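# Coordinates in review
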Amino acid sequence: MAFPEPKPRGPELPQKRLKTLDCGQGAVRAVRFNVDGNYCLTCGSDKTLKLWNPLRGTLLRTYSGHGYEVLDAAGSFDNSSLCSGGGDKAVVLWDVASGQVVRKFRGHAGKVNTVQFNEEATVILSGSIDSSIRCWDCRSRRPEPVQKLDEARDGVSSVKVSDHEVLAGSVDGRVRRYDLRMGQLFSDYVGSEWSGCVGGRGGEDSKAPQPHWPPHLSCPSGPITCTCFSRDGQCTLVSSLDSTLRLLDKDTGELLGEYTGHKNQKYKLDCCLSEQDTHVVSCSEDGKVFFWDLVEGALALALPVGPGVVQSLAYHPTEPCLLTAIGGSIQCWREEAYEAESGAD
């Protein structure tokens, strides 16, 4: 008689704190992994950007050149360049090795909330409180952007880039997906109190007037704070200021799931999916990071980080490793079974 195969173990969640790093940058506005997850960037309210080895707790370099607090940063695919944006309305391109400013792009009329490289790191996309996304050519000496996407009706809070798509979240309550291959723009209206609004899909590449909501209906649900693609590229995750995350089908705009329990009513907080797309992860204003099962929608873990608002998080691209930012420090988390190498202590 054959015994049944044992059930495969579910993915482990990062809940063991390995390191706490005092960044010495004032408040840490954002923490970001580099492309392979070996290093991370921290954006400080003291106008600096810092590069770390988070597992070793080692500061590798400090980048100074912004005139106001740094709000977001990203690394290139080959780890040779960084880009950052902040309260000084500037987008800065950095050389990683030398720490020098390569280019400083100006043109936004308000603070820059979010920056991303394209896949080849030839273009920087920046989203600003001025309601626009601007595309800056890293190889050109031209001071103006090569393209300006200004369909948003309010500030742009989040921009993510795939090989041929740009995903943007705005304070106007809409998620816009620009399909660069097809030259089309799709808009999802994210709301909760009117079923006609949830996942509503509109093609903004036409000249049709945009719908407006009756004053007695609370739709959209509120400003969007963060958006991201699932790692398989089939879905988009959207966080908004009604303390709800929503999973949408990328192609149809259908609402696939809602995730609640955390607190997000005042601040722009990060959300993401785990490295295997098994869990939805979000910061919270009550000092925790929340994990939900992607399919079932059930809360899997409320991870206590510390007192105050968990402002930012970053998930390792291939391993169950999480970085969180609260106050002036960042924390590195791994799964319970993880044993640090002797050299990483």
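Below or above, wherever it landed, is the structure these notes cover. (Residues numbered from 1 in each chain as written. Predicted model: local features only at pLDDT ≥ 70, side-chain atom pairs only at ≥ 80, totals over all residues. Heavy atoms only, no water.)

### Here's the deal with the packing of aromatic side chains
- Tallied over the full model, the rule gives 4 aromatic pairs.
- For the pair Tyr63 and Trp94, a centre-to-centre distance of 5.6 Å together with 70° between the ring planes defines the contact as edge-to-face. Residue Tyr63 is found in strand β5 (residues 58-64), and its partner Trp94 is found in strand β8 (residues 91-95); the two are separated by 31 residues along the sequence.
- On the basis of relative accessible area, Trp94 is assigned to the buried category, the value being 0%. (Phe/Tyr/Trp six-rings, centres within 6.5 Å; stacked < 30°, edge-to-face > 60°. Helix = DSSP H or I, 4+ residues; strand = E, 2+ residues; numbered from the N terminus. Buried < 20%, exposed > 50% of the residue type's maximum accessible area, 1.4 Å probe, protein only.)

### A short note on the sheet that holds strand β2 (residues 28-33)
- Taken in spatial order, the 4 strands line up as β2-β3-β4-β5 in an open sheet, and their pairing is antiparallel. Lying at the two open borders of the sheet, with one neighbouring strand each, are β2 and β5. For this sheet, the mean inter-axis angle between neighbouring strands, taken without regard to orientation, is 20°.
- Across 4 bridges, strand β3 (residues 40-44) lies against strand β4 (residues 48-53) in antiparallel orientation. Looking at β4, one finds that Leu41 is bridged to Leu51. (Pairing = 2+ DSSP bridges. Axes fitted to C-alpha atoms, helices over the stretch in contact; angles between N-to-C directions.)

### With respect to the environment of Cys226
- With respect to the secondary-structure elements, Cys226 resides in strand β19 (residues 224-229).
- Exposure remark for Cys226: the relative accessible area of 3% places this residue in the buried category.
- In this structure, the C-alpha to C-alpha distance between Cys226 and Ser240, residues 14 residues apart in sequence, is 7.2 Å.

Shape is all these values report; function is a separate question.
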